[in-house]
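# Fold and contact review
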There are 2 protein chains.
Amino acid sequence: MKDHFKKTAAIIGEPVRATILWTLLDGKSFTATELAIAAETSASNISMHLAKLVNAGLLKAENHGRHRYYSFSGKEIAYAVEALATIIPFASKKNLQADKTISPVQQCRTCYDHLAGKTSVTITDALLKQKLIIANDTDFGLTPKGKKWFAVMDIDTNELQQQRRSFLRPCLDWSERRYHIAGSLAAAFLDKMLLHDWIRRIKNSRVIVVTAKGQKNLYEKLKVVV
Amino acid sequence: MKDHFKKTAAIIGEPVRATILWTLLDGKSFTATELAIAAETSASNISMHLAKLVNAGLLKAENHGRHRYYSFSGKEIAYAVEALATIIPFASKKNLQADKTISPVQQCRTCYDHLAGKTSVTITDALLKQKLIIANDTDFGLTPKGKKWFAVMDIDTNELQQQRRSFLRPCLDWSERRYHIAGSLAAAFLDKMLLHDWIRRIKNSRVIVVTAKGQKNLYEKLKVVV
DNA sequence: GAAACATTTCAATATTAAATGAAGTGTGGT
DNA sequence: ACCACACTTCATTTAATATTGAAATGTTTC
């Protein structure tokens, strides 16, 4: 078992492969060429590293014509990568203190399938303050008022709760070191915000920007300035 | 931020350092010499790797005379390492299927500060079946009946609940791929079982064995055969 | 105060694995 | 049928980094 751990750690530890995993963290699929650009290396090199990751069972590849799309083979992989990202502030707290400026990726990004970063923590705080969700000892609960609120957003919470996956759970934000919402409700909320153009994805990045429309709506509906 | 992730991954990825982290996972402190034996390398080499881990903020060192004890610098590090261990079954599922025999470390071990492995899942199931704890959507809750049960074990649940740390939470078991109990209650339970000699630590290992006394008591008190 | 032990430091060496570039395979467009 | 493109494979080069062993530092024991 120890040996498996050593092997897995070695797979993740190589800089180019670490960059691949980092890039895949927002849950999208990427082609080898896109990943080569992200990791700043050659096509042949990225191909070799991708082969190792697939062989180790961390990634899966899907063929679509002459493109091959790579993504995590399961949520567990994404969670492990996210857990690894969580310890960064510990590993480099000196640097973080020195540099007070906040980067776009710290401000707002996707975390596998939900929103993360300073904006996501702000939104979570607003949901709590408006009593749309409540914080229990170790998890979040949806209030009747919250159920209505998400219904207005055209999100069917009953349907989401019947799914096997976690409905609403706290997820530790590595950049803010505070909790934001995750689970199927958070994922559905992200989708709706993208659909209504409240937020937009930045191409080839995990960064998300809030549009003017989004700022207006989030203020009207949650009394929050993002 | 990506660069920090790359660095952190590289720190963890080296085999000797991965072994150090793995060994430290049960929350105990180890000396450089003990870790050298566990990682099967020289004293000078382990010293170099330990220096890198401390420098990266993953480990802390405490001097006690001529011994220097190394341990995780925080719980977050242990959780990240545990999350990494969670993906092992994915990375090597073929091997796991082939080998049906269960190793001692899969049977019963410590996971940072609480019990893990097949035994821990069995105990968690029994606690649920006896309605001493209940499974909510995303967490576990302690019932009044459970409160009494732990009081008989000389565990003051009120006091534990007042602590800032998580009281009772599910923790995914990487070997069983099911949940066992974690949090301050699980940690206190582990301590009591060790104190009353229901279970014993195996030297220089995360493995735990259940004593005859422990088997008797777990059957009497939880109607469970471990 | 000398000896035994735990750990660290340093310079030299060994080893491993990543990067490169050219050639090969397969798919899609025109 | 052709060419362009996405990706892979392979043999070779390159570079990084772990390991080793000897010497130094510091601490406890007798």
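Anyway, here's the lowdown on the structure attached to this text. (Residues numbered from 1 in each chain as written. Chains lettered and ligands numbered in written order. Predicted model: local features only at pLDDT ≥ 70, side-chain atom pairs only at ≥ 80, totals over all residues. Heavy atoms only, no water.)

## What to know about the protein's contact with DNA strand C
Our working definition: The nearness test applies per residue and asks whether one of its heavy atoms lies within 4 Å of the molecule or strand. Polar contact criterion, stated in full: a pair of N or O atoms within 3.5 Å, where within protein one must be able to donate a hydrogen and the other to accept it, and residues adjacent in sequence count only if both atoms are side-chain atoms. Helix and strand labels come from DSSP, where a helix needs a run of H or I of at least four residues and a strand needs a run of E of at least two; each type is numbered from the N terminus. Residue classes follow a fixed rule: Ala, Val, Leu, Ile, Met, Phe, Trp, Tyr, Cys and Pro count as nonpolar, while Asp, Glu, Lys and Arg count as charged, and any other residue, Gly among them, counts as polar.
Residues in close proximity to DNA strand C total 21 residues, the closest being Asn45, His49 and Lys52 of chain A together with Thr33 and Tyr70 of chain B. Within the side chain of Arg17 of chain A, an N or O atom sits 3.3 Å from a phosphate oxygen of DNA strand C. Between DNA strand C and the protein, one listed contact pairs a phosphate oxygen with a side-chain N or O atom of His49 of chain A at 2.7 Å. Contributions of two or more residues to the surface near DNA strand C are made by helix 2 (15-23) and helix 4 (43-55) of chain A together with helix 3 (32-38), helix 4 (43-55) and strand 3 (67-72) of chain B. Here the surface near DNA strand C gets five residues from one element, more than from any other, and that element is helix 4 of chain A. Split into classes, the residues belonging to the surface near DNA strand C amount to five nonpolar, ten polar and six charged.

## Notes on the sheet that holds strand 1 (residues 30-31) of chain A
All names here are of chain A. Condition: When DSSP finds two or more bridges between a pair of strands, those strands are recorded as paired.
Strand order in the open sheet formed by three strands is 1-3-2, with antiparallel pairing between adjacent strands. Both outer strands of the open sheet, strand 1 and strand 2 (59-64), are each paired with one neighbouring strand and no more. Pairing between strand 1 and strand 3 (residues 67-72): two bridges, direction antiparallel. Residue pairing for strand 3: Phe30 is matched across the bridge by Tyr70.

## With respect to the protein's contact with DNA strand D
The immediate surroundings of DNA strand D are formed by 22 residues, with Thr33 and Tyr70 of chain A together with Asn45, His49 and Lys52 of chain B found nearest. A distance of 3.1 Å is found between a phosphate oxygen of DNA strand D and a side-chain nitrogen or oxygen belonging to Arg68 of chain A. Here a phosphate oxygen of DNA strand D sits 2.6 Å away from a polar atom, N or O, in the side chain of Tyr70 of chain A. Residue assignment for the surface near DNA strand D shows that the elements contributing at least two residues are helix 3 (32-39), helix 4 and strand 3 of chain A together with helix 2 (15-23) and helix 4 of chain B. Looking at the surface near DNA strand D element by element, the count peaks at five residues for helix 4 of chain B.

## A look at the nonpolar core
Among soluble globular proteins, nonpolar side chains are generally buried collectively. Condition: Each nonpolar core is a collection of buried residues, namely Ala, Val, Leu, Ile, Met, Phe, Trp, Tyr and Cys, held together in the definition by side-chain atoms within 4.5 Å. The buried label applies to any residue whose accessible area, calculated with a 1.4 Å probe on protein chains only, is under 20% of its type's maximum; exposed applies above 50%, and partly exposed to all values in between. By definition, residues are in contact when any of their heavy atoms lie within 4.5 Å.
Counting residues in each nonpolar core, the largest one holds 65 residues, and the members touching the most others are Ile20 and Phe72 of chain A together with Ile20 and Phe72 of chain B. With residues near it in sequence (within four places) discarded, Ile20 of chain A still touches Leu35, Ile46, His49, Leu50, Leu53 and Leu59 of chain A.

## Focus on the pattern of salt bridges
Residue and element names in this part refer to chain A. Threshold: A side-chain nitrogen of Lys or Arg and a carboxyl oxygen of Asp or Glu constitute a salt bridge if their distance falls within 4 Å.
Inspection of the entire model under this criterion finds eight salt bridges over all chains. One salt bridge connects Asp3 with Lys6, and the closest N-O pair in it is separated by 3.9 Å. Within this pair, Asp3 and its partner Lys6 are both found in helix 1 (residues 2-13), separated by three residues, close to a single helical turn. A salt bridge links Lys192 to Asp154, with the shortest nitrogen-to-oxygen separation between them at 3.6 Å.

## Points about the packing of aromatic side chains
Residue and element names in this part refer to chain A. Formally: Side-chain rings of Phe, Tyr and Trp (the six-membered ring for Trp) are treated as a pair once their centres are within 6.5 Å; stacked means planes under 30 degrees apart, edge-to-face means over 60, and tilted covers the remaining angles. Throughout this description, the term charge over a ring refers to an Arg CZ or Lys NZ atom that lies within 6 Å of the ring centre and within 35 degrees of the ring normal.
Evaluated as defined, the whole model comprises eight aromatic pairs over all chains. Among the aromatic residues, those joined into a ring-pair cluster are Trp149, Phe150 and Phe189. One cation-aromatic arrangement involves Lys223 over Tyr219; the distance from NZ or CZ to the ring centre is 5.7 Å.

## As for the environment of Ala39 of chain A
Residue and element names in this part refer to chain A. Its place among the elements puts Ala39 in helix 3. Linking Ala39 and Ile20, residues 19 residues apart in sequence, is a C-alpha distance of 6.8 Å. Apart from the residues lying within four places of it in its own chain, the contact partners of Ala39 are Val16, Thr19 and Ile46.

## Here we look at the packing of helix 5 (residues 75-86) of chain A against helix 1 (residues 2-13) of chain B
Two quantities define a packed helix pair, namely the angle between the helix axes and the distance between the axes. Selection criterion: Angles shown run from 0 to 180 degrees and are taken between the N-to-C directions of axes, each axis being a line fitted to C-alpha atoms and, for helices, limited to the stretch in contact. To sort the angles, those under 35 degrees are grouped as roughly parallel, those over 145 as roughly antiparallel, those from 65 to 115 as roughly perpendicular, and the leftovers as oblique.
Direction vectors running N to C along helix 5 of chain A and helix 1 of chain B enclose 105°, while the axes themselves pass 9 Å from each other. Put simply, helix 5 of chain A runs roughly perpendicular to helix 1 of chain B. On helix 1 of chain B, the residues that touch Val81, Leu84 and Ala85 of chain A of helix 5 of chain A are Phe5, Ala9 and Ile12 of chain B.

## Quick notes on the sheet that holds strand 3 of chain B
All names here are of chain B. Strand order across the open sheet formed by three strands is 1-3-2, with antiparallel pairing between neighbours. Edge positions in the sheet fall to strand 1 (30-31) and strand 2 (59-64), since each of these pairs with one other strand and no more. Relative to strand 3, strand 2 is paired through six bridges, and the arrangement is antiparallel. When the bridges of strand 3 are listed, Glu62 appears paired with Tyr69.

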